[in-house]
Each structure stands twice: as structure tokens, then as C-alpha cells.
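Summary of the model geometry
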Amino acid sequence: MKIATFSTKAYDRAFLSAANAAHGGRHDIVFLESRLSKETAPLGQGATGICAFVNDVLDRRVLETLYAGGTRLIALRCAGFNNVDLVAARDLGIQVGRVPAYSPEAVAEHTAALMLSLSRNIHRAYARVREGNFSLDGLTGFNFHGRTVGIVGTGKIGVCVARIMAGLGCQILGHDPGENRDFLAAGGRYVAMDELFAQADIITLHCPLTPDTRHLIDHAAIERMKPGVMIINTGRGALVETRALIDGLKSGKIGHVGLDVYEEESDLFFENLSGQIIQDDVFARLLTFPNVLITGHQAFLTREALTAIAETTMENVAAFERTGTPAFPVTMEMLA
Ligand code: NAI
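1. Some remarks on the overall build of the chain
The secondary structure content of the chain amounts to 12 helices and 12 strands. Relative to the 2.2 N^0.38 estimate, which gives 20 Å for 336 residues, the radius of gyration of the chain is 21 Å and therefore close to what a compact globule would have. By principal-axis analysis of the C-alpha atoms, the chain measures approximately 60 × 45 × 35 Å. Long-range pairs, those at least 24 residues apart, make up 67% of the contacts in the chain with a sequence separation of at least 6. By element, 51% of the accessible surface of the chain is carried by carbon and sulfur atoms, the whole surface being about 15800 Å². Averaging the coordinates of the 31 positive side-chain charges in the chain and doing the same for the 37 negative ones gives two points 2 Å apart.

2. Describing the site of the ligand
The local shell around the ligand holds 22 residues, among which Lys156, Ile157, Asp176, Thr234 and Asp260 are the closest. Within the backbone of threonine 234, an N or O atom sits 3.0 Å from a nitrogen atom of the ligand. Between an oxygen atom of the ligand and a main-chain N or O atom of glycine 235, the distance comes to 3.4 Å. Here the shell around the ligand is composed, by residue class, of 9 nonpolar, 9 polar and 4 charged.

3. As for the domain arrangement of the chain
Domains assigned within the chain are domain 1 (2-102 + 302-335) and domain 2 (104-294). The C-alpha centroid of domain 2 is placed 31 Å from the C-alpha centroid of domain 1. Across the contact, 11 residues belong to domain 1 and 8 residues belong to domain 2. Counting across the domain 1 and domain 2 interface gives 1 salt bridge. Glutamate 271 is the partner of lysine 9 in a salt bridge, and the nearest nitrogen-oxygen pair spans 3.2 Å. Summed over the shared surface of domain 1 and domain 2, the number is 3 residue pairs in polar contact (both at pLDDT 80 or more). In the side of domain 1 that touches domain 2, the residues fall into 7 nonpolar, 2 polar and 2 charged.

4. Comments concerning the pairing of strand S1 (residues 2-5)
Sheet topology note: the S1/strand S2 (residues 28-31) ladder contains 4 bridges and is parallel. The partner of lysine 2 across the bridge, within S2, is aspartate 28. Sheet topology note: the S1/strand S3 (residues 49-52) ladder contains 3 bridges and is parallel. Paired with isoleucine 3 across the two strands is glycine 49, which belongs to S3.

5. Looking at the pairing of strand S4 (residues 73-76)
Side-chain alternation along S4 places Leu73 and Ala75 on one buried face and Ile74 and Leu76 on a second face that is also buried. Examined bridge by bridge, S3 and S4 share 4 bridges and lie parallel to one another. By the bridge assignment, cysteine 51 is partnered in S4 with alanine 75. As a crossover connection, the stretch from S3 through helix H2 (residues 60-68) into S4 is right-handed.

6. What about the packing of helix H1 (residues 10-22) against helix H12 (residues 303-323)?
Running from N to C, H1 and H12 point in directions that differ by 50°, and their axes come no closer than 9 Å. Our classification of the angle between H1 and H12 gives oblique. Handedness of the crossing formed by H1 with H12: right-handed. When H1 is examined against H12, the residues Tyr11, Phe15, Leu16, Ala19 and Asn20 are found in contact with a partner set consisting of Arg303, Leu306, Thr307, Ala310, Glu311, Thr313 and Met314. For the contact of H1 with H12, the per-class residue count stands at 7 nonpolar, 3 polar and 2 charged.

7. Quick look at the pattern of salt bridges
Applying the stated criterion across every chain, the model contains 9 salt bridges. Notably, a salt bridge pairs aspartate 12 with arginine 77, separated by 3.4 Å at the nearest N-O pair. Placement of aspartate 12 in helix H1 and of arginine 77 in the loop between S4 and helix H3 (86-92) is noted, with a sequence separation of 65 residues between them. Note that arginine 90 and aspartate 91 form a salt bridge whose closest N and O atoms lie 3.4 Å from each other. Members of the salt-bridge network, linked through shared partners, are Arg60, Arg90 and Asp91.

8. Things to note about the side chain of lysine 253
Mapped onto the elements of the fold, lysine 253 is located in the loop between helix H10 (242-251) and strand S11 (254-259). Put simply, lysine 253 is tucked away with no salt bridge, and the nearest opposite charge, on glutamate 223, sits 5.2 Å away.

Calculation rules
All residue numbers refer to positions counted from 1 along the written sequence of the respective chain. Residues qualify for local features only when their pLDDT is at least 70, as the model is predicted, and side-chain atom pairs are given and counted only at 80 or more; totals for whole chains, interfaces and linings, by contrast, use all residues. Each side-chain value is worked out from all heavy atoms of the structure, with water and hydrogens disregarded. Numbering of helices and strands runs from the N terminus, with a helix taken as a DSSP run of H or I at least four residues long and a strand as a DSSP run of E at least two residues long. Taken over C-alpha atoms, the radius of gyration is set against a globule rule of 2.2 Å times the number of residues to the power 0.38. Contacts are assigned to residue pairs that have any heavy atoms within 4.5 Å of one another. Method for areas: the Shrake-Rupley scheme with a 1.4 Å probe, in which residue coverage is limited to the protein chains shown. Just so you know, the count uses Lys and Arg for positive and Asp and Glu for negative, and it drops His and the chain ends. To locate a charge, the coordinates of NZ of Lys, CZ of Arg, CG of Asp or CD of Glu are taken. If even one non-hydrogen atom of a residue comes within 4 Å of a molecule or strand, that residue is called near it. Whenever a nitrogen or oxygen atom comes within 3.5 Å of another N or O atom, the pair is scored as a polar contact, on the condition that within protein one atom can donate a hydrogen and the other can accept it, and that pairs from neighbouring residues in sequence are kept only if both atoms are in side chains. We call Asp, Glu, Lys and Arg charged. Ala, Val, Leu, Ile, Met, Phe, Trp, Tyr, Cys and Pro are nonpolar, and the rest, Gly among them, are polar. An automatic or database domain assignment supplies the start and end points of every domain. What makes a salt bridge here is a side-chain nitrogen of Lys or Arg within 4 Å of a carboxyl oxygen of Asp or Glu, nothing more. Strand pairing requires that DSSP identify at least two bridges connecting the strands. Exposure is judged per residue with a 1.4 Å probe applied to protein chains only, and the accessible area is read against the type maximum: over 50% gives exposed, under 20% gives buried, and values in between give partly exposed. Whether a crossover is right-handed comes down to one check: with the strands pointing away from the viewer, does the path from the first strand over the helix to the second run clockwise; if it does, it is right-handed. In this analysis an axis means a line fitted to C-alpha atoms, helices contributing only their contacting stretch, and an angle means the value between N-to-C directions, from 0 to 180 degrees. Each angle receives one of four descriptions, namely roughly parallel if under 35 degrees, roughly antiparallel if over 145, roughly perpendicular if within 65 to 115, and oblique otherwise. Note on convention: near helix rotated counterclockwise from far helix by under a right angle means a left-handed crossing. Clockwise means right-handed.

Right under this line is the structure:
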């Protein structure tokens, strides 16, 4: 099958090519660096399959262009599908597949890396030592042992985070509309959101972005937290109201912030903008705080996760060729 891959980075090319070779090299994969949009959709002409990522746009107009060019399968190389107009895909008869779980450990370990780097000021120490500054002033950290970690969303990633933090000797609180036995087995205890906010020294977000969870962390939520709280978001940017975060940092109420996602990240992340002026003043303000550590949506970026993403994508394509449906389809019911 001819597959046009949008938003290609070097690692996508390497891992998808390897997975294709492992499947007998049967597919003709075209690697395009462009993000998929109405302007770039014609590049998919002649490709039965389109492989897309989190910031590619798959609205009705794009899907219609792709369909007219012969596309019948969208193989998302991510779990989320909020960027796809599923109603339009259904109307056109385009199948949509995704990678439901590739490596919850990858995201959980990155979450822990942000927490530990912040608690021990590793990001500041790294810069100092490179400048020949070996002063320890201002680098005093804190032990995780004995601290309380609040996990919002105790699904696949939240449970992995619970296990890691339990290993460090933390008390684990969780909040989730559904209970997960694995979370309880990891030593977690379920509490109401208010209690989690009031008790946790570290709050970490692992729930999906939905209308209910949008701006879950806002001024009112921060008000209810412990002074000096650490807030970590490796979920989705809009779970946090960034201006509230900035106010909390300025007042000293928030002690540390670690982010792998940001509300307006689609204009920034995944590109090298080092020679340009950042126009987003809110993001630029966040970068000025010494107690804020930001990574550019890289929590998923491990060899293991990329291998799993590429292999599942090939499975989706193979199943579509055999049966007309991808192995891990995105269905209308998932919108509910
Ligand atoms: P999952 O579906 O296994 O778990 C999500 C959990 O959140 C579920 O237990 C669900 O009941 C819970 N939840 C839903 N609404 C909630 C609410 N209002 N309050 C508290 N909990 C709520 O998903 P998984 O695999 O653990 O991923 C979690 C999120 O992590 C994804 O939705 C995605 O946004 C993000 N993610 C980030 C990545 C990165 O590279 N930064 C990579 C992969 C996922």
C-alpha cells in the first residue's frame, strides 16, 4: 500500500522504515515533513493510507481532499484522535486507526524525571557547572521520601507513576471517576479531588483532555493546594490554565512546575525555533522562572515507544488490507 506520512521527523522515518522492513517491506511509505492541513493535503494524492500525528489537521475539508486522492485509511501514530473529524471520516467511508497504548512507562518515567530534576534543581546545576560555577547556593532540594503525591487520572500512565513514586517512599493519592485495581495494588488510595489538592505535595496530571477536564488546574484549584506545591503536567496542555499557573508561581504559592505539554504548543513544539523570536508572551514568561522545567512534548520519545508505535501502525495497515478495518480502529462510540 502507498502510505503518505505527514509531520515526519528523522525518528519517524527510522522506526517506520524498520517496521515496514520487518513486514517484508511491502509498503511504499512516502515521508513528508509538512504538517497535514488543507494546504498540504494534496500531497497525499494517490496514497491509500495516510499516517498522521498529534498536530496534523484531519477536518472534513482535509479528509475530502484526501478521499478524492484515493485515501481510505488514516493510521494515526498516536493514541489521541481529537484532531480527526470522525463524523466526516464515517460519511466518506475512511477508516481511522490509532495506537491505543505504546509505552505508559515511557511517559511515567519522563514524569518522574521532571519531578526529580525540579526537586534537586538539576536543570540549574547543569548550567552552573558548565559555566565553572560550583556554588551550591540556592540549590537546596527536598526528599521525595515521605511526601504525598496526588495522581489525577489513574489509568495506564497514572498507575506507572504510582509504582515509581511508591518506590521512592511516597504516599500515593489518586482521583479518577473509575477505580483501577492496579492503582490500589501499587499502594494508592482514592480520594475526592478537594482532598487530593489539600494533601498533595506533588500533583501530577494523567487524565485525558475533555470538556470536563479543561482547565482543571485554574485559580480556584491552586487556591486549594498546599503552599509550595509541585505541579506536573505530561497529559495535555489545556488541563492547566497557564495564566493561573503564572500567578501561582509569582505569588510563591506554587513551588515548582514541570510541563511536557502546553495549551498553545501546536505553534511551538516539534520545530527548531531557536533562531526566531517567540511571539507567545505567556510561554515566554513561563520560561523566566527558575523553578519551571519545560520539555517539548517528548515524554513518549523512547526507543521502546517508537518501536511499538511503528509496529502497531503496521498492524493497523495489515489488518486494513486483510479485512477493511484497522487492528485498533477509532469508532464513533469513542466520542461518547
Ligand atoms: P488511560 O485512558 O489509560 O487513563 C486515563 C485515566 O484518566 C482513566 O482512568 C480515566 O478514567 C481518567 N479520567 C478521565 N476523566 C477524569 C477526570 N475528570 N478526573 C480524573 N481522572 C479522569 O490513558 P493513559 O494512557 O494513562 O494516558 C493519559 C493521558 O496522557 C492521555 O490522555 C494523553 O493526554 C497523555 N499522554 C501524553 C503523552 C506525552 O508524550 N506527553 C503520551 C501519551 C499520552
